[in-house]
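Residues per chain are reported as follows:
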Amino acid sequence: LKPSSGWTNIFIYPQYDFALTNCMITNFHLPKTSLLIMTSAFMGFELTMEAYKVAIKNKYRFFDYGDAMLII
């Protein structure tokens, strides 16, 4: 990790190789959002969708002050 300057890609898509991060705390994001794409990139699309099925079944909240998850 070193300082740099210039353009960066602001979107993290599935298949992204996280080099510095091994866990993430994030809210349950609404469908079709870039934050859901980032979460899917970190933990895989299938596992993300399975977590969302559990969240919907248990009536978790999906807004900024809703329930969160720790992804390890």
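As the structure is a prediction and not an experimental result, all values here were calculated from the model.

Asker: Looking at this structure, I do not really get helix H2 (residues 45–57). What am I missing?
Answerer: Since the α-helix turns once every 3.6 residues, residues separated by three or four places project in the same direction. Counted at 1.5 Å a residue, the expected span for H2 with its 13 residues is 18 Å, and the 18 Å between its end C-alpha atoms agrees. Of the positions making up H2, those classed as buried are Thr48, Tyr52 and Ala55. Burial along H2 is one-sided: seen end-on, the buried residues are contained in an arc of 60°. Turned more than 90 degrees off the buried face of H2, the exposed positions are Glu46, Leu47, Lys53 and Lys57. Lining the buried residues of H2 we find strand S1 (24–27), helix H1 (34–43) and strand S2 (68–71). Lys59 occupies a position one or two residues after H2 and carries a positive phi of about 60°.

Asker: Any chance you could explain the pairing of S2 here in plain terms?
Answerer: Residue alternation in S2 divides its side chains into a buried set, Met69 and Ile71, and an unburied set, Ala68 and Leu70. With four bridges joining them, S1 and S2 adopt antiparallel strand pairing. The partner of Asn27 across the bridge, within S2, is Ala68.

Asker: What is the right way to read H1 from this model?
Answerer: For H1, the set of buried residues is Leu36, Thr39, Ser40, Ala41, Phe42 and Met43. On its buried face, H1 sits against S1, H2 and S2.

What counts and what doesn't
Residues numbered from 1 in each chain as written. Predicted model: local features only at pLDDT ≥ 70, side-chain atom pairs only at ≥ 80, totals over all residues. Heavy atoms only, no water. Helix = DSSP H or I, 4+ residues; strand = E, 2+ residues; numbered from the N terminus. Expected span 1.5 Å × (residues − 1). Buried < 20%, exposed > 50% of the residue type's maximum accessible area, 1.4 Å probe, protein only. Arc of directions from axis to C-beta. Contact = heavy atoms within 4.5 Å. Pairing = 2+ DSSP bridges.

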